[in-house]
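Understanding the architecture of this molecule
If you want the building blocks of each chain, they are given just below.
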Amino acid sequence: MGTPSLSTDAAGGVGDRQAALPVRWRAAIVLGVLGLAILAPILVAKYPPLVDYPDHLARCFVLAHLPTDPVLQRFYRNAMDWQPNLALDLIIPPLAHVVSIFTAGRVFLGLTLASMAAGTVALHRALHGHWSSWPLLATPFLYNQIVIWGFLGYLFGLGVALGAAGFWYALRDRGWWVRLGTGLVAGTLIYVLHLYALGIYAVLVGGFELADWIATRRDARERAGRIAVLGLQFLPAACLFLFVSPTSQAASRLAWGPPLRRIIEIAKVLDTGYRVVDFAAFGVVVGVVGALLLTRRAVLVRAALVPLAILLALAAVMPNELFSSFGADRRIPIALAFVSLAASDWGRADPALKRGVLAAVLGVSLIRLAIITASWSADQTTYRTYLAALRKLPEGAALVAAVPAMTPSDPPLYHVDSYAVILRDAFAPSLFAAPWDAGSSLGFTKRYASLRAVTPEVVVWPRPLAKLRRPDYAAAHGPFRPALLDRYDAALAIDPEFLPAQARPPAGCGLFAAGHTRTSRFRLLRLPCARIRPPP
């Protein structure tokens, strides 16, 4: 009697495997197509149109070649000293010895997208205890406002933080020494990658412990032990930050943006410059997930409610500038989005509904990715035009640049002058470097730090632009004032017609190059005394 039942079970198992095989192949094909679509913008764009990207890439180029390049040694120094925010600085320079700096930057951008996706999947797996197709709903959020700003180190660290928080949650019932050892490694690693990512990790693991405190009865000794393990994992990072890193010197640099903007930033989390499709994708995901949760066809794990509440509170109070980093408040919404999706899962949804939801979200994602890919490809003409001009600079030139913030230029050109560092070993005062950027791994040498100190910021924001309308202010602080230009070898003026007349470049300068793109005009001025020299 037992033998027939065994053969039947075996036959059923074989049949199930044979039926499941095409499903696996279909899933593999879908994931393959989706992965290719996600990477397509990077594959077509040698120069990704991200605001801060040229600056970060130039810094990594200097770090890679500084030990052997005497020209770069005149301008820059290695300032790496166990500060946070080193994700790009630790990964791109070694890659740049194997492939070109431009390829290394794109590889890191791809790793950043993979980190966000993998971190969301890992956190979802830990919270729900099973693999699911639900995290695919996070696909639209991979290309987000923070990517366009070029805050790649934070996003790479955020992905690691999500995965590490999931690992911590999975170990919640293991011995204290396992959790402490894991936490020490995770906390220190994430600190090195990015300080804000460490903050997100602390919110998640602290929130999980607080949720456990509320939901579980434990004796006082056990609670004290869990709190000690939670806090001790951050001890190495705290010591490095307070006693070693120069970043803590910028702790008093705080600035808050308008309160209304905090609400707007949540809605703009997917803003990549293609507003119609960006907001459509945001509306589809939020609307679908909200409807599923309201009808109980999706569920939200209780353990994540406390971390989500803390993240919402942070989104309401986070300053715009913190520890010399801009856009601190803008970084919370994307973390909130990934955590929210990782904390959710399918509920009482039948297979047909699941397929319909995934088809709708992934369909919108593919359309949006196609638009981003086409746009990034078209942007390459603009960057090639500017790089062709910068190649005409003499090696080791000192280059000052100014870009009015209201310029209609598209793609972003705020830091395009940084490419001169890569192409001509130039001095670019716009680089994020110490002492101006207290947390940077790169610094200016003493002689060129003094020149940086008297050079205005490359982006002429509305407030200084208004001041430049006063002739006395323009004469003392203008980006193209004669006293400043006399200390440089070249000046890049992008859309100078948006500057007040008294703040524009002086007439009669020679030109290395001049040109225009579909949305901008520029002049690369050959300044008097164009020989390479140290500043007086």
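Counting of residues starts from 1 at the beginning of each chain's written sequence and follows it residue by residue. Only residues with pLDDT of at least 70 get local features here, since the model is predicted, and only at 80 or more are side-chain atom pairs given and counted; chain-wide, interface and lining totals rely on the full set of residues. Hydrogen atoms and water are omitted, and side-chain values are computed over all heavy atoms in the structure.

Before going further, it helps to spend a moment on the overall build of the protein chain. Starting at the N terminus, helices and strands are each numbered in turn, a helix being any DSSP run of H or I of at least four residues and a strand any DSSP run of E of at least two. The secondary structure content of the protein chain amounts to 21 helices and 11 strands. Against the compact-globule benchmark of 24 Å for 536 residues, the protein chain has a radius of gyration of 26 Å, which places it among compact chains. Reported as C-alpha extents along the three principal axes, the dimensions of the protein chain are approximately 100 × 50 × 45 Å. Whether a residue is buried, partly exposed or exposed follows from its accessible area with a 1.4 Å probe, protein chains only, as a fraction of its type maximum: under 20%, in between, or over 50%, in that order. Each of the 536 residues in the protein chain was classed as buried or not, and the buried ones make up 54%. Here the analysis covers contacts within the protein chain between residues at least 6 apart in sequence; of these, 79% occur between residues at least 24 apart. Using a 1.4 Å probe, the Shrake-Rupley method yields the accessible areas, and only the shown protein chains count as cover for residues. Carbon and sulfur atoms form 66% of the exposed surface of the protein chain, whose accessible area is close to 23,200 Å². A positive count includes Lys and Arg, and a negative count includes Asp and Glu. His and the chain ends are not counted in either. Charged side chains are reduced to one point each, which is NZ for Lys, CZ for Arg, CG for Asp and CD for Glu. For the protein chain, the distance from the average position of its 51 positive side-chain charges to the average position of its 31 negative side-chain charges is 1 Å. For the radius of gyration, the atom set is restricted to C-alpha positions; the globular benchmark scales as 2.2 Å times the number of residues to the power 0.38. Two residues qualify as a contact provided that any one of their heavy atoms is within 4.5 Å of a heavy atom in the partner residue.

To continue, consider a nonpolar patch on the surface. Only residues above 30% relative accessible area that lack a salt bridge enter a patch, with like-charged residues linked at up to 9 Å and the nonpolar side chains Val, Leu, Ile, Met, Phe, Trp and Tyr linked at up to 5 Å. Definition used for salt bridges: Asp or Glu carboxyl oxygen within 4 Å of a side-chain nitrogen of Lys or Arg. Where nonpolar side chains cluster on the molecular surface, the patch consists of L36, L39, L43 and V44 and spans about 350 Å² of accessible area. Locating V44 in the fold gives a position in helix α1 (residues 2-44).

What follows concerns the sheet that holds strand β6 (residues 399-404). Pairs of strands are assigned from DSSP output, requiring at least two bridges between the strands. A sheet is described by the order of its strands in space; here 5 strands give the open sequence β8-β6-β9-β11-β10, paired in mixed fashion. Strands with a single pairing partner mark the edges of an open sheet, and in this sheet they are β8 (459-460) and β10 (510-516). Across 4 bridges, β6 lies against strand β9 (residues 490-494) in parallel orientation. Paired with A402 across the strands is A493, a residue of β9. Seen against the sheet, helix α16 (residues 351-390) touches β6, β9, β10 and β11 (521-526) and runs at an angle of roughly 10° to β11. Working convention: axes come from line fits to C-alpha atoms, limited for helices to the stretch in contact. Angles between N-to-C directions cover 0 to 180 degrees.

Our focus in this paragraph is the packing of helix α14 (residues 305-317) against helix α15 (residues 332-343). Two numbers describe how α14 lies on α15: the axes approach to 10 Å, and their chain directions differ by 165°. One element, α14, and the other, α15, form an angle in the roughly antiparallel class. Regarding α14 and α15, the two cross each other, and that crossing is left-handed. Residue-level contacts link L308, L311, L312, L314 and A315 of α14 to I332, A335, L336, V339, S340 and A343 of α15. Residues are grouped as follows: Ala, Val, Leu, Ile, Met, Phe, Trp, Tyr, Cys and Pro are nonpolar; Asp, Glu, Lys and Arg are charged; every other residue, Gly included, is polar. Class assignment for the residues of the contact of α14 with α15 results in 10 nonpolar, 1 polar and no charged. Convention used here: angles under 35 degrees read as roughly parallel, angles over 145 as roughly antiparallel, angles from 65 to 115 as roughly perpendicular, and any remaining angle as oblique. Throughout, a crossing is termed right-handed when the near helix is turned clockwise from the far one, and left-handed when it is turned anticlockwise from it by less than a right angle.

Time to look at the environment of H415. Checked against the element boundaries, H415 lands in the loop between β6 and α17 (419-424). When sequence neighbours within four positions are dropped, the list of residues in contact with H415 reads V51, D52, P54, D55, S430, F432 and V458. At a separation of 3.2 Å, a polar atom in the side chain of H415 contacts the side chain of D52. Two N or O atoms form a polar contact when they lie within 3.5 Å of each other; inside protein one atom must be a possible hydrogen donor and the other a possible acceptor, and for residues adjacent in sequence the pair counts only when both atoms belong to side chains.

Once that is clear, we can look at the confidence of the model for the protein chain. Note that predicted coordinates carrying low pLDDT should not be read in detail. Confidence scores labelled pLDDT are given residue by residue by the predictor and lie between 0 and 100. In this model, the protein chain carries a mean pLDDT of 90, and residues with pLDDT of at least 70 account for 90%. In the predicted structure, residues 1-18 sits below a pLDDT of 50 and forms 0 contacts with residues beyond four places in sequence or in another chain. Below pLDDT 50 for its whole length, residues 529-536 participates in 24 contacts with residues either more than four positions away or in separate chains.

A few words now on the nonpolar core. Residues enter a nonpolar core if they are buried and are Ala, Val, Leu, Ile, Met, Phe, Trp, Tyr or Cys, with the set joined through side-chain atoms within 4.5 Å. Counting residues in hydrophobic clusters, the biggest one holds 174 residues, and the most contacted among them are Y76, F141, Y201, Y419 and L524. The greatest single-element share of this core, amounting to 12 residues, is contributed by α16. What Y76 contacts, discounting residues up to four positions off in sequence, is V62, L66, V421, A426, F427, A428, L431, L442, G443, F444 and T445.

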